[in-house]
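What follows is each chain in one-letter form.
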Amino acid sequence: MPKFRLTLLGGFRLDDEGGREITVASRKAKGMLAVLAVHSPAAVTRERIAAIFWGDLAEERARHSLRQVLTALRRDAPVVEASGETLRLDSCVCTADATEFAALTASADPAELERALALDSGPLLDGLSAKEEAFEEWLGAARRRLSQAAVAALTRLASHHAGQAKHEAAVRLLQRLLAGDPANEDAHRALMRSLEALGRRSEALYQYKLCRELLLKQLQVEPDAATQALHDSIRRESVTLRGREGDGQRVVAVVPFANSARSPELDSLAAAIAEDISRQLARVPGFRVVVQPAVVAAMRPNPDDLAQLARVLEASYLVTGSLRQPEAGCLRIAVQIVDGEKAQYLWSLQQDLALRGGTADVDNFVAGTTARIEQQLTLAEAGGGDGGDRDDDRPDAWHKTHQAGSALFSAGWSEDAVDDAVRLFREAIALDPKLALARAHKALIMAFAQDWGLLRGDTARDEARADAEKALELEPTRSEVLGLAACAIAHLGDPARAVPLLERAIEDNPNNAQAWAALGATRLLQMQFATAVEALRRGLRTSPTDYRRSVWLTALASGLVRLNRLDEALDAAHGACRSDAKFYPARIVLAMVLAKLGKASEAVEAVAEARRIRPRLSRAEMRRFVGGALDELASSSGF
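Residues numbered from 1 in each chain as written. Predicted model: local features only at pLDDT ≥ 70, side-chain atom pairs only at ≥ 80, totals over all residues. Heavy atoms only, no water.

Novice: Residues and numbers for empty space enclosed by the protein, please.
Specialist: Empty pockets left among the atoms are what a rolling probe the size of a water molecule brings to light. If you walk through the whole model with that rule in mind, you get four cavities of 30 Å³ or more. Lining the largest cavity are 31 residues; nearest its centre among them are Val-284, Pro-285, Glu-374, Glu-480 and Arg-548. Mapped by element, the contributors of at least two residues to the lining of the largest cavity are helix H14 (359-382), helix H15 (397-411), helix H17 (436-451), helix H19 (479-491) and helix H21 (513-525). Tallied by class, residues from the lining of the largest cavity come to 12 nonpolar, 14 polar and five charged. Reported here for the second largest cavity is a volume of approximately 40 Å³. Taken together, Leu-70, Leu-73, Arg-74, Ala-77, Pro-78, Val-79 and Val-80 make up the lining of the second largest cavity. No other element matches the three residues that helix H3 (residues 59-76) contributes to the lining of the second largest cavity. Looking at side-chain class alone, the lining of the second largest cavity contains six nonpolar, no polar and one charged residues. (1 Å grid on protein atoms, 1.4 Å probe; cavity = no way out; pocket = protein on both sides within 12 Å on 5 of 7 lines; lining within 4 Å. Points joined across faces, edges and corners; volume = space filled by probe spheres on them. Helix = DSSP H or I, 4+ residues; strand = E, 2+ residues; numbered from the N terminus. Nonpolar A, V, L, I, M, F, W, Y, C, P; charged D, E, K, R; others polar.)

Novice: Residue-level account of the layout of surface pockets, with values.
Specialist: Counted as a void, the second largest pocket has a volume near 840 Å³. For the second largest pocket, the lining is made up of 36 residues, of which Leu-524, Leu-525, Ser-558, Arg-624 and Phe-625 are closest to its centre. Secondary structure elements with two or more residues in the lining of the second largest pocket: H17, H19, H21, helix H22 (529-542), helix H23 (549-562), helix H25 (584-596) and helix H27 (619-626). Partitioning the lining of the second largest pocket into residue classes produces 24 nonpolar, seven polar and five charged.

Novice: Quick one: what's the story with the sheet that holds strand S1 (residues 4-7), residue by residue and with numbers?
Specialist: Two strands in a sheet stick together by hydrogen bonds in their backbones, pointing the same way (parallel) or opposite ways (antiparallel). Judged by pairing direction, the sheet is mixed, and its three strands sit side by side in the order S2-S1-S6 without closing on themselves. The two strands at the open ends of the sheet, each matched to only one other strand, are strand S2 (13-16) and strand S6 (94-96). Recorded for the sheet is a direction-independent mean angle of 20 degrees between the axes of neighbouring strands. In this sheet, S2 lies alongside S1 in antiparallel orientation, the contact comprising four bridges. (Pairing = 2+ DSSP bridges. Axes fitted to C-alpha atoms, helices over the stretch in contact; angles between N-to-C directions.)

Novice: Any details on the environment of Pro-78? Residues and values, ideally.
Specialist: Its location among the elements puts Pro-78 in the loop between H3 and strand S4 (80-83). Judged by its relative accessible area of 45%, Pro-78 falls in the partly exposed class. A C-alpha to C-alpha distance of 8.2 Å links Pro-78 and Val-93, two positions 15 residues apart in sequence. Apart from the residues within four sequence positions on either side, Pro-78 is in contact with Phe-4, Leu-73 and Val-93. (Buried < 20%, exposed > 50% of the residue type's maximum accessible area, 1.4 Å probe, protein only. Contact = heavy atoms within 4.5 Å.)

Novice: Now, about the sheet that holds S4: what can you tell me, with residues and values included?
Specialist: Across the sheet, three strands lie side by side as S3-S5-S4; this open sheet has antiparallel pairing. One side of each edge strand has no neighbouring strand; the edge strands of this open sheet are strand S3 (44-45) and S4. Pairing of S4 with strand S5 (residues 86-89), which is carried by four bridges, proceeds in the antiparallel orientation. Counterpart to Ser-83 in the pairing with S5 is Thr-86.

Novice: Mind laying out the packing of H22 against H23, listing which residues take part and the relevant values?
Specialist: Axis angle and axis distance: for two packed helices, these are the angle between their axes and the distance between the axes, and together they describe the pair. The N-to-C vectors of H22 and H23 enclose an angle of 155 degrees; their axes lie 9 Å apart at closest approach. Judged by the angle between their axes, H22 and H23 are roughly antiparallel. The chirality of how H22 crosses H23 is left-handed. Along the contact surface, H22 presents Phe-529, Val-533, Leu-536, Arg-537, Gly-539 and Leu-540, while H23 presents Arg-549, Trp-552, Leu-553, Ala-555, Leu-556, Gly-559, Leu-560 and Arg-562. (Parallel < 35°, antiparallel > 145°, perpendicular 65-115°, else oblique. Left-handed = near helix turned anticlockwise from the far one by under 90°.)

Novice: Explain the confidence of the model for the chain to me, using residue names and the numbers behind them.
Specialist: Of the residues in the chain, 95% reach a pLDDT of 70 or more, and the chain-wide mean stands at 88. Segment residues 242-246 is flagged for pLDDT under 50; beyond a separation of four residues in sequence, or across chains, it makes seven contacts in the model. Low pLDDT, under 50, characterises residues 384-394; the stretch is placed with 22 contacts to residues that sit more than four places away or in other chains. (pLDDT = per-residue confidence, 0-100.)

Novice: Please set out the pairing of strand S7 (residues 250-254) residue by residue, giving values where relevant.
Specialist: Taken across its five residues, S7 has four buried, putting it largely inside the fold. Sheet topology note: the S7/strand S9 (residues 287-289) ladder contains three bridges and is parallel. From the neighbouring strand, Val-251 faces S9, where its bridge partner is Arg-288. One ladder, built from three bridges, connects S7 with strand S10 (residues 317-324); its direction is parallel. Paired with Ala-253 across the strands is Leu-318, a residue of S10.

Novice: I'd like to hear about the nonpolar core, residue by residue, with values.
Specialist: One finds Trp-413, Val-418, Ile-445, Trp-452 and Ile-588 to be the most contacted residues of the largest nonpolar core, which totals 101 residues. Top contributing element to this core by residue count: H17, with 11 residues. One finds Ala-62, Ala-77, Cys-94 and Ala-150 within the second-largest nonpolar core, a separate group that totals 48 residues. (Core = buried A, V, L, I, M, F, W, Y, C linked by side-chain atoms within 4.5 Å.)

Structure below.
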């Protein structure tokens, strides 16, 4: 087993098998190890090493200096194998990231390419001065070869992911490639294709603009014919879709967050939070999000004039925010939604995070905040929020879809709210039969409501099934459509088919809270209770104020009961009841948990509350949610 690890990409470090750093003081020793590692497993002649580092000395003096360096290395770290007139890095005792990187980048295996890119932490021997002309030439050439290998690996891996329709992964790789090679027109073109495939056409068009500006600045040439043709195609498709989907899709712009703490280390965090919220909002159906560079460019004349910014970007809504440090170790993040036309606040949020809480805390904040913003934008568009004067003069499909979602978010799960939502979804579909999201959402609501007795009519299940299938036919890869339609399919009796659809939805968008919760509910149907609970908790963390929270918490309580975690189940059931005062299934599950805890009188009260909400509640309906767990209690209480 190798006893030493040599790190050369991004700097220099030599560690022993215990991870302790070994001091290599000599700059030439560091350079020599790099030469041997880059050429490994081949050997390098002593003559070549001497020429690179001591070329200005006579041969005998150069060899003497080389022997001194080797002697010092043997004492501290015997990693060089000397054989006659050649030297090599002894791979039996020492591994090197540069050696592994070169081998892995030559592979066609995507997993090995991923490993190679994980090793790429920066230029070879970054920060080490190359005072000898020969060493400087060698180091420059080696860096160029490794850089070219990285570009080739990024290109092949991005192409592989795009071919597998994993366009989010392809976008990340291509952006990384362009950060190091900004004039790579092939990469710009590939990035435009992946952005288009994700439905992010405004970003694809902006990428063309960046490409053109870079090529004109660096090479004094226009993009080639293939790039221009792709741009024209995306622009035509964008115009077509805007005409079909409605100019009813409102424009949203996330303004770069202010670093009110004036702390330099928070500059990059403020920018990252705004960028992440912008990217996640770009996935929200029914809204178009302006890319961050375009927002920054529009702010330059007068960064504080929000009304002017909204006019320039044609944005109906602006999302603004700031970072502060009210006390040591505490980060306070404020977020607001601003009506672009009136320059008035519609909604605000403030949350404190531990300054050294790690990226997970920030990621969770971004995901949860984006979910809250989505709901508030939906309410505003439906006329249910402070911006409610927008509703009557817009008979478009997206507006009806926003109103339908708002019906349940505002009123909770009741017969009247379900009737309103289904009616509005039907009107949206009549206006645009190809609006997949409206069909998928309607399918889910109808499937649930039919089972819960909240929807009248015998044909609801057939209508829900037809809408779910049509939604998948229209948009078979979109995470939001997959999550809703698959959940409907699971609830309509086919959980085995739903699971891979939900997994695809999550793979495409790990922050799709509804898909996580749907996967949890589907796992419940399959009696996989531990994984069900984990998925439901993930959905609740991602979207803590979702209008479906009562449904998700009720399902979570049911799963926790099956795992005999009754105290946790009680908390979840109480949370479900608090989340929606009209959701009677939550009271039934609460009654089951209380009965199992031996709290019979409280269980009877919970059943009575369920009957108050739904006067015609029957034992058969209760069994849909808790089986026969409440039969004895119902009999003893005269129900």
